[in-house]
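# Structure at a glance
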Amino acid sequence: MTNQKRVCIILGTRPEAIKLAPVIQVFQKSSKFQLQVILTGQHREMVEQVMQLFNIKADYNLEIMQVQQSLNDITCRSLQGLEALFKAEKPDFVIVQGDTTTAFAAALAALYQKIPVGHVEAGLRTDDIFNPYPEEANRRLISQITQLHFAPTPWAVENLHRSGVLGEIHMTGNTVIDALLNVAATQVVCDVPGLDWESYRVLLATVHRRENWGEPLLAIAQGFLQILDKFPDTALLLPLHRNPTVRVPLQELLGNHPRIFLTDPLDYGELVAAIGRSHLLLTDSGGLQEEAPSLGKPVLVLRDTTERPEAVVAGTAKLVGTTTENIVAAAAELLSDSDAYEAMANAINPFGDGHAAERILQIVQNYIHG
């Protein structure tokens, strides 16, 4: 079609790939748009797994990833690569997701070429510029140069109004629920060597955030050990982040425990299956706070702040921090009190109904085509 508008969707990390996959799929099916998918390469193998799972291919890959890359490295190489692509391809609209350095750099690169930006998962806030770092700054900066804000919840909408941002604000739900429900419907499995899912109440844990590096990470690991000691019928499944700053200390502290199963990062299908079979989650992940409640699993958030307070208010997640004592106490309550567990497991997920991507497509269509 000669009147097709060109849309570029930019992503660099696994969470972006998961949450943008449903958006990419609906734009690919639309006759009104010509879609280009651009990878920065901030993550490599983990993004490729997601792309394969959703049968998505990239049109361009900047391949910026380097060993021990800094935030400056990611930002500068993304800006330079995207400047050249945007000048060559001349997109009519750019879509970014979340609060990664890739998302910020892509939004900034689009601004420099005067290309309108749509921000998926807009409006998340902790009101602490260094927690999480650099995500809180990234999402606030993106909000200032966005034309279409796709907010997942009423809380996010209110945050955007309170921030005085320009651009249209739309509540869409969170696209991660679209992705989760689509994958869960395929009856995915998660087989971990040596782990008998039927013999234990399995605790699924993930830890990776920068603010938890160092002493908080050690305290979290001690919490895991004390929980397993207190409840012999539990086991811990901990997929390790590839960053050695996180990976090595956890291997050293937890690697020899007979009921702790350390694995490489699970692909998204395996992760969805693991959520479904686990008893509860202990995590500093943002996405898991949104995903696990859709499968009826309580989430203990290993952070001092969360940009997803909707989950805490709804009762699907509990903010427990990073001290060993608090982690053990919160887990012990859910493992020993069936009423407390059922209250969290049966709470309503506030993050959407699985149709967020369709709403985003319609909003962009109305914006571009009038």
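Keep in mind that what you see is a predicted model, and the values were worked out from it rather than measured.

Our focus in this paragraph is the UniProt feature "domain: UDP-N-acetylglucosamine 2-epimerase" (unreviewed entry) in the protein chain. Here, UniProt's "domain: UDP-N-acetylglucosamine 2-epimerase" (unreviewed entry) annotation points to residues 27-364. End C-alpha to end C-alpha, residues 27-364 measures 10 Å, and it is 45% helix and 15% strand.

Take the pairing of strand 1 (residues 5-11) next. In terms of burial, strand 1 is largely enclosed, as five of its seven residues are buried. Sheet topology note: the strand 1/strand 2 (residues 33-39) ladder contains seven bridges and is parallel. Counterpart to isoleucine 9 in the pairing with strand 2 is valine 37. In terms of handedness, the path from strand 1 via helix 1 (residues 14-29) over to strand 2 forms a crossover that is right-handed. Looking at chain direction, strand 1 and strand 4 (residues 93-97) are connected through three bridges and run parallel. Among the inter-strand pairings, cysteine 8 is bridged to a residue of strand 4, identified as valine 94.

Turning our attention to the sheet that holds strand 2. Judged by pairing direction, the sheet is parallel, and its seven strands sit side by side in the order 3-2-1-4-5-6-7 without closing on themselves. Every other strand in the sheet has two partners, leaving strand 3 (60-61) and strand 7 (168-171) as the edge strands with one partner each. Sitting on the sheet, helix 6 (residues 154-163) touches strand 6 (148-151) and strand 7, and the angle it makes with strand 7 is about 165 degrees.

This paragraph deals with the pairing of strand 9 (residues 234-239). In terms of residue burial, strand 9 counts as a mostly covered element, since six of its six residues are buried. Side chains Thr234, Leu236 and Leu238 project from strand 9 onto one buried face, and the interleaved Ala235, Leu237 and Pro239 project onto a second face that is buried too. Here four bridges tie strand 8 (residues 201-206) to strand 9, and the two strands are oriented parallel to one another. Paired with valine 202 across the two strands is alanine 235, which belongs to strand 9.

Mapped onto the elements, histidine 149 comes out in strand 6. For histidine 149, a relative accessible area of 0% translates into the label buried. In this structure the side chain of histidine 149 is engaged in a polar contact, spanning 2.6 Å, whose partner is the backbone oxygen of leucine 166. Beyond its immediate stretch of four places on either side in the chain, histidine 149 contacts His119, Ala122, Ser143, Leu160, Val165, Leu166, Gly167, Glu168, Ile169 and His170.

Rules used throughout
Residues numbered from 1 in each chain as written. Predicted model: local features only at pLDDT ≥ 70, side-chain atom pairs only at ≥ 80, totals over all residues. Heavy atoms only, no water. UniProt positions renumbered as here; feature names shortened; annotations may be inferred. Helix = DSSP H or I, 4+ residues; strand = E, 2+ residues; numbered from the N terminus. Buried < 20%, exposed > 50% of the residue type's maximum accessible area, 1.4 Å probe, protein only. Pairing = 2+ DSSP bridges. Right-handed = clockwise from strand over helix to strand, strands pointing away. Contact = heavy atoms within 4.5 Å. Axes fitted to C-alpha atoms, helices over the stretch in contact; angles between N-to-C directions. Polar contact = N/O pair within 3.5 Å; in protein donor to acceptor, adjacent residues only side chain to side chain.

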